[in-house]
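Listed below, chain by chain, are the residues.
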Amino acid sequence: MSPPIEVRLGQAIARFRKDAGFSQEAFADFVGVHRTYMGTIERGEKNIGIRSVEKIAKALKMSAGDLLNQADRKPR
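These notes cover the structure that comes with them.

Conventions and cut-offs
Residues numbered from 1 in each chain as written. Predicted model: local features only at pLDDT ≥ 70, side-chain atom pairs only at ≥ 80, totals over all residues. Heavy atoms only, no water. Helix = DSSP H or I, 4+ residues; strand = E, 2+ residues; numbered from the N terminus. Rg over C-alpha atoms; globule rule 2.2 N^0.38 Å. Buried < 20%, exposed > 50% of the residue type's maximum accessible area, 1.4 Å probe, protein only. Areas by Shrake-Rupley, 256 points an atom, 1.4 Å probe, with all protein chains shown as cover. Core = buried A, V, L, I, M, F, W, Y, C linked by side-chain atoms within 4.5 Å. Contact = heavy atoms within 4.5 Å. Salt bridge = Lys/Arg side-chain N within 4 Å of Asp/Glu carboxyl O. Expected span 1.5 Å × (residues − 1).

1. Section: the overall build of the protein
The number of helices and strands found in the protein is 5 helices and 0 strands. Against the 2.2 N^0.38 benchmark of 11 Å for 76 residues, the protein shows a C-alpha radius of gyration of 11 Å, consistent with a compact globule. Seen along its three principal axes, the alpha-carbon backbone of the protein occupies a region of about 35 × 25 × 20 Å. In the protein, buried positions account for 39% of the 76 residues. As presented, the protein carries roughly 4900 Å² of accessible surface, and 50% of it is formed by carbon and sulfur atoms.

2. Observations regarding the nonpolar core
Ile13, Phe27, Met38, Ile56 and Leu67 are the most contacted members of the largest nonpolar core, which totals 20 residues. Those residues in contact with Met38 that lie beyond four places of it in its chain are Ile13, Gln24, Phe27, Ala28, Val31, Val33 and Ile56.

3. Points about the environment of Leu68
Mapped onto the fold, Leu68 is located in helix H5 (residues 64-71). Measuring from C-alpha to C-alpha, the distance between Leu68 and Val53 comes to 8.2 Å, with 15 residues separating the pair along the chain. Residues contacting Leu68, with those up to four places away along its chain left out, are Leu9, Ile50 and Val53.

4. Brief notes about the pattern of salt bridges
Following the criterion strictly, the structure yields 3 salt bridges and no others. Residue Glu42 is joined to Arg17 by a salt bridge in which the shortest nitrogen-to-oxygen separation is 2.6 Å. Highlighted residues: Glu42 in helix H3 (residues 35-42) and Arg17 in helix H1 (residues 5-19), separated in sequence by 25 residues. Using a relative accessible area of 6% as the deciding quantity, one classes Arg17 as buried. Where Arg43 meets Glu45, a salt bridge forms, and the shortest distance between an N and an O atom there is 3.0 Å.

5. Considering H1
The first and last C-alpha atoms of H1 sit 21 Å apart over 15 residues, in line with the 21 Å expected at 1.5 Å per residue. For H1, the set of buried residues is Arg8, Leu9, Gly10, Ala12, Ile13, Ala14, Arg15, Phe16 and Arg17. The inward-facing, buried residues of H1 abut helix H2 (24-31), H3, helix H4 (50-59) and H5. Two residues or fewer after H1 comes Gly21, characterised by a positive phi angle close to 85°.

In short, geometric facts, not functional conclusions.
Structure follows, in structure tokens:
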């Protein structure tokens with residue numbers, strides 16, 4: 001059984017953030033959210049809204065749809 005979507009999305013965000021060379025704190029600042037909030041997102045503890053998904057996706061230079069599709073793929 002795969003983890004819940006919140007966990008898979010958080011893992012995808014963390015993976016792309018690291019690939020982009022951001023620390024979690026620097027990425028949170030770049031996106032415009034508090035660093036502890038970003039941590040809860042990446043750990044899958046928050047069920048974030050679509051606007052937050054879009055904001056994070058734009059910061060990662062991808063569409064919200066692409067980010068959500070990545071959450072459905074197996075981690076590398």
